[in-house]
Amino acid sequence: MKYKNIMWFLMVVAMLSPIWVTAQSDQAIRIKATVKDQTGFPLSVVEIKNEEEEVITTTDENGIFTIDVLPNSLLIVTAPGYETKVLRVSAQMDEIILYSELESRLVNTAYQKRDQSNLIGGISFVNVPELLQKNYFTYSLDNMEVFAPGFHGNLWGNNEYLLLVDGVPRDVGSVMPLEIEQVTFLKGISAVALYGSRAAKGVIMITTKRGAAGKQRINVTTNTGIHVPKGIPKYLGSAEYMTLYNEARTNDGLQPLYTQEDVFNHGSGSNPYRYPNLDFYSPQYLQEAYSRHDGTLEIAGGNDRARYYTNLGFMSEGSLLNFGQATQNRNERFNIRGNVDMNLSKNITAFADAAVIFYNGKGVNANFFQGAASIRPHRFSPLIPISALEEDDEASMNFVRNSSHLIDGQFLLGGTQLEQSNPIAGIYAGGSSQFTSRQYQFNTGVNADLKNVLPGLTFSSRFGLDYATSYNLSFNNNYAVYQPQWNNYAGQDLISGLTRFGQDASSRTQNINNSRFQQTMAMSAQLNYKTVINEHHEISAILVAGGFQRSVSEVYHAVSNANVGLHLAYNFKNKYLVEMNNAIIHSARLPENNRRAFSPTMSLGWRISNEEFLQGSIFDNLLLSVSGGIIHTDLDIQDYYLYEQVYTQQGDGTVFYTWKDGLNNISTISRRGANPNMTFPKREEVNFGIDASLFNNRLAFTGSYFLSRMSGLLVQRSDVYPSYFTTGFPASSFIPFENYNSDQRSGFDFNLNWNQKLGAANLNFGIVGTYYNTKALQRGENWQDPYQERTNNPIDAIWGLRNQGFFGNTEQINASPTQIFGEVLPGDLRYADQNGDGRVTPQDEVFLGRGGWFGAPLTLGFNVTAQVKNFTFFAMGVARKGAYAMQNSSYFWVSGEAKYSEVVRDRWTEGTAESATFPRLTTLNGANNFRNSDFWLYSTDRFDLARVQLTYNVPAEQFFGGDFIKGMNVYINGSNLLTLSPNRKILEMNIGTAPQTRFFNLGLSAQF
């Protein structure tokens, strides 16, 4: 109840847009003040506005202005190229300092904001509001690889990252792009050190919008669009399937199963109910497109005492299915966010944030697309027409009268004894389900200026508390399906009888399953110190204690992170930069004597453009940097107590060996040995950076090179223990976990941006690239042949056999090495015997290529913006290269009773031996052919035209007078428009899940 009351209080505070009333005297006072920049130079023609943002005066050539105002009034001071400052009038006001806009643009990093011109240590960022002006998107990290170097789905080749929303670990889906101010990518070891162990593989920081002093601003954004499927799987129809299945049986030495008459009848389409040709992707079941709509209201404003930001958003999205209860399928999301900043006193400020996300997904109790990938087209007709029943078939008519599911008043549900619960019948009659998710997020904190204790000393704190619950609520109905017995009377097909499987029944009971509860608590407190000595020596320090804990239902141990960090930085004349980020971490996943570790990092920067020998050169800015250090982490320690020896008991009556005689014996099984000296794995890294701008800032370039090693990874080393320390049945082991394995990641990233004005057009072109390589430096392995060693091979390596084409005849099979994977016949794959022992076994598997499991080895993002008058054209694309994958889904590995896809048309036969691209068909398991080999390997290289958008900036003054509507943008865009790849069909096709889609959208954004 305590937490609940706190949450409701914070939510109310954050949701309400505060109105702070300031008591004012009726006696006006005269203010004479000078406006200067940070160097002390007076600024002329600076606008002084009142609280309604009306210009009341400007500064003269000496930067001086004089006005008569009421005490405690609000003044807004603005000048082109400088930050906006909001001040409360006092008699002591005589000087106002404005900082340049460039220097005031800060980047959110670990526990601080930093000038973007001084970022060292591997940091990238994206200002989302600027991006949304030309690029509408709906997922917070959508296509960020186009704008953020080093990001390719992960960071610098690592396999995970810590995601923080306003400093609290949260899911990326908990925040929408329109709520976001900035996304920061902390890649380098120095950049992440202050966050401790759980941040060792990178951090993505999402910072939400906050209010600013000034007149209240209201933004309304609304979008409507459609998803159009692409890459639809193509399966064979009934007649073609039956023909090729007969061929498969013949290949296996069996008699054909289907007669030519059967094949003809199913292919003719004369009676699709008697001779079905079931196509799951036909318009009967799928619509051509489905809609998505969203709307967002933003309200922001405030004064020097309180600022507020409120966001209300709604989204609704349908699905492709258009029959039965699936026509009601829809996902809906509603969110409210409120952020409030308050000045409690001259030296103390506070903030309170709250967000609520409601998500509902209405669905059905059937997996349609899974059935589409497995149910053969000739097996049954989903619907049985009652009009085809014989008139005197009273038993069948009785089924009709008593059926609870008479579809459209004309059909009974079809099925067979094997397909009693097929997904089509399930969508018509199996009941519906609703997924419900609720998230509640709360942040609060206090900041204090401790200049009375020590000038430059401040204190900051943050507390976050999140609750997330989800569950699935369903009504599960039982239903009957019917298998007809058909006869033909004088050329007319009629049903002479029905066999019923199952019964129509509904318990009318709500079933709740897949329930989940998650709680996250995060806290931090820090002392900050910053001072400038003799105008040249800038010194800063942060001492921070932080951590978080996430508890999940049915998981005994919470995920925890706790550390103390120390940041020290020195800046001399903005030319030489030194930074140290250190942390002392703690983890309960290790033995008590090894639960703490010290993680030191250091960064050095040299702004070489400030040296005399580069003055007047083409470089506006040139900053070189190097970072390195060590971070200890428990991310790769998968569970608690791995350092302890563990025995379990099997009490189900199965006795392998026992410690006592008599009845009710139970087996005791060892799971692992003990290692009381287990320590932290660690990331050791050095990275080099460059940040440059040239030709009066028309060309900007940033780049990084990194070399990183993860060492001390845990492994049970079967290579140094006798084989009898491990048994397969019962599954047991006496081998302890040891810090032994080691991985290396290296690579580079860059961002090149060019701005140019051509006539009336402003052009901007950007290219972002990330390349990484991985290597297993050390492995506990004991392979017989050196070519199978994982050491010195990529971590994401794909292993398999080398194929040598198809066996052409029996003589070739007899002359080749024996393949142990099953019976081999002409038309089966022939593999290379790598070790020359005369047998093809798993020992002949070799390295085939990189899987790109952490992201494509090379990712290139391209974006172009062209602005002409009120029109803005934007396009972006992503190229990915260097990874491979296996065609190993049921669409390609077709054997036994599986459904046939179009790929089997190119099967091997004696007549197609020279042109075949698919093995012979078989009704057996095809174990020889359907295994990892380069025959099934394909490149995932691709270029995607990710988005194109055209935006028109409506002249508000001309169309609306500028009084009520301050601005308006209308835009149209398309996403996922085009894929260029030699394997485009494979890359665009989903098997067993809903198809990929293109998205076309029309949107409007208005400011009030």
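For clarity, every value in this text was computed on a predicted model and none was experimentally measured. (Residues numbered from 1 in each chain as written. Predicted model: local features only at pLDDT ≥ 70, side-chain atom pairs only at ≥ 80, totals over all residues. Heavy atoms only, no water.)

1. Digging into the sheet that holds strand 6 (residues 85–88)
What the four strands build is an open sheet, ordered 3-2-5-6; its pairing is antiparallel. Because the sheet does not close on itself, it has two edges, and the strands there are strand 3 (55–58) and strand 6. Pairs of neighbouring strands in the sheet enclose a mean axial angle of 30°, with direction left out of account. Bridge analysis of strand 2 (residues 47–49) against strand 5 (residues 74–78) gives three bridges, and the strand direction is antiparallel. Counterpart to Lys 49 in the pairing with strand 5 is Ile 76. (Pairing = 2+ DSSP bridges. Helix = DSSP H or I, 4+ residues; strand = E, 2+ residues; numbered from the N terminus. Axes fitted to C-alpha atoms, helices over the stretch in contact; angles between N-to-C directions.)

2. Re the pairing of strand 1 (residues 29–37)
Each regular strand carries side chains that alternate between the two faces of the sheet. For strand 1 and strand 4 (residues 64–69), the ladder comprises six bridges, and the chain directions are antiparallel. When the sheet's bridge partners are listed, Thr 34 is paired in strand 4 with Ile 64. Of the pairings in the sheet, the one linking strand 1 to strand 7 (residues 95–98) comprises four bridges and is parallel in character. Paired with Asp 37 across the two strands is Leu 98, which belongs to strand 7.

3. Topic: the nonpolar core
One finds Phe 368, Leu 413, Tyr 900 and Val 904 to be the most contacted residues of the largest nonpolar core, which totals 68 residues. Among the elements that take part in this core, helix 5 (residues 238–251) stands out by supplying six residues, more than any other. Excluding anything up to four places from it in sequence, Leu 413 contacts Pro 382, Leu 383, Ile 384, His 405, Ile 407, Ala 425, Tyr 428, Ala 429, Tyr 479, Ala 480, Val 481 and Tyr 482. Counting 26 residues, the second largest nonpolar core, distinct from the first, contains Phe 137, Ala 148, Phe 151 and Leu 178. (Core = buried A, V, L, I, M, F, W, Y, C linked by side-chain atoms within 4.5 Å. Buried < 20%, exposed > 50% of the residue type's maximum accessible area, 1.4 Å probe, protein only. Contact = heavy atoms within 4.5 Å.)

4. Quick notes on the sheet that holds strand 4
With mixed pairing, the three strands of this open sheet are ordered in space as 4-1-7. A strand with exactly one partner marks an edge of an open sheet, and here the two such strands are strand 4 and strand 7. Here the average twist between neighbouring strands, direction ignored, is 30°.

5. Quick word on helix 5
In this model, helix 5 (14 residues) spans 20 Å end to end at C-alpha, consistent with the 20 Å of a helix rising 1.5 Å per residue. With 10 of 14 residues buried, helix 5 is to be regarded as a mostly interior element. Of the residues making up helix 5, those classed as buried are Ser 238, Ala 239, Tyr 241, Met 242, Leu 244, Tyr 245, Asn 246, Glu 247, Ala 248 and Arg 249. Buried positions along helix 5 lie against helix 6 (260–268). (Expected span 1.5 Å × (residues − 1).)

6. Description of the side chain of Ser 816
For Ser 816, the position within the fold is in the loop between helix 10 (810–815) and strand 42 (818–819). A relative accessible area of 16% places Ser 816 in the buried class. Here the side chain of Ser 816 touches Gln 812 through a polar contact of 2.7 Å, landing on its backbone oxygen. If we skip the residues at most four places from it in the chain, Ser 816 touches Phe 807 and Arg 830. (Polar contact = N/O pair within 3.5 Å; in protein donor to acceptor, adjacent residues only side chain to side chain.)

7. Section: the packing of aromatic side chains
Across all of its chains, the model carries 42 aromatic pairs by this definition. Ring centres of Tyr 724 and Phe 725 lie 5.6 Å apart, and the angle between their planes is 50°; on these two criteria the pair is classed as tilted. Relative accessible area serves as the criterion here: at 26%, Phe 725 is assigned to the partly exposed category. Through a chain of ring-to-ring contacts, the aromatic side chains of Phe 280, Tyr 281, Tyr 285, Phe 323, Phe 368, Phe 369 and Tyr 428 assemble into a single cluster. Between the NZ or CZ atom of Arg 745 and the centre of the ring of Phe 854, over which it lies, the distance is 5.5 Å. Directly above the aromatic system of Trp 799 lies the positively charged group of Arg 790, at a separation of 3.8 Å from the ring centroid. (Phe/Tyr/Trp six-rings, centres within 6.5 Å; stacked < 30°, edge-to-face > 60°. Lys NZ or Arg CZ within 6 Å of the ring centre and 35° of its normal.)

8. Structural notes on the environment of Ser 460
For Ser 460, the location among the structural elements is in strand 23 (residues 457–478). Counting along the chain gives 64 residues from Ser 460 to Ser 524, while the straight-line C-alpha distance between them is 8.2 Å. When neighbours within four sequence positions are excluded, Ser 460 is seen to be in contact with Val 446, Asn 447, Ser 524, Ala 525, Gln 526 and Asn 528. At 3.2 Å, the side chain of Ser 460 forms a polar contact with the side chain of Asn 528.

9. Some remarks on the pattern of salt bridges
On inspection of all chains with the given rule, the structure shows 43 salt bridges. The salt bridge partner of Glu 95 is Lys 36, with a shortest N-O separation of 3.0 Å. Taken together, the positions of Glu 95 in strand 7 and Lys 36 in strand 1 put the pair 59 residues apart, joining distant regions of the chain. On the basis of relative accessible area, Glu 95 is assigned to the partly exposed category, the value being 42%. As a salt-bridge pair, Arg 170 and Asp 466 come within 2.4 Å of each other at their nearest N and O atoms. Of this pair, Arg 170 sits in the loop between strand 12 (168–169) and strand 13 (180–186) while Asp 466 sits in strand 23, placing them 296 residues apart in sequence. The class for Arg 170 is buried, based on a relative accessible area of 5%. For Asp 466, a relative accessible area of 7% translates into the label buried. Three or more residues are tied together by salt bridges with common partners; here these are Glu 145, Arg 880, Arg 942 and Asp 944. (Salt bridge = Lys/Arg side-chain N within 4 Å of Asp/Glu carboxyl O.)

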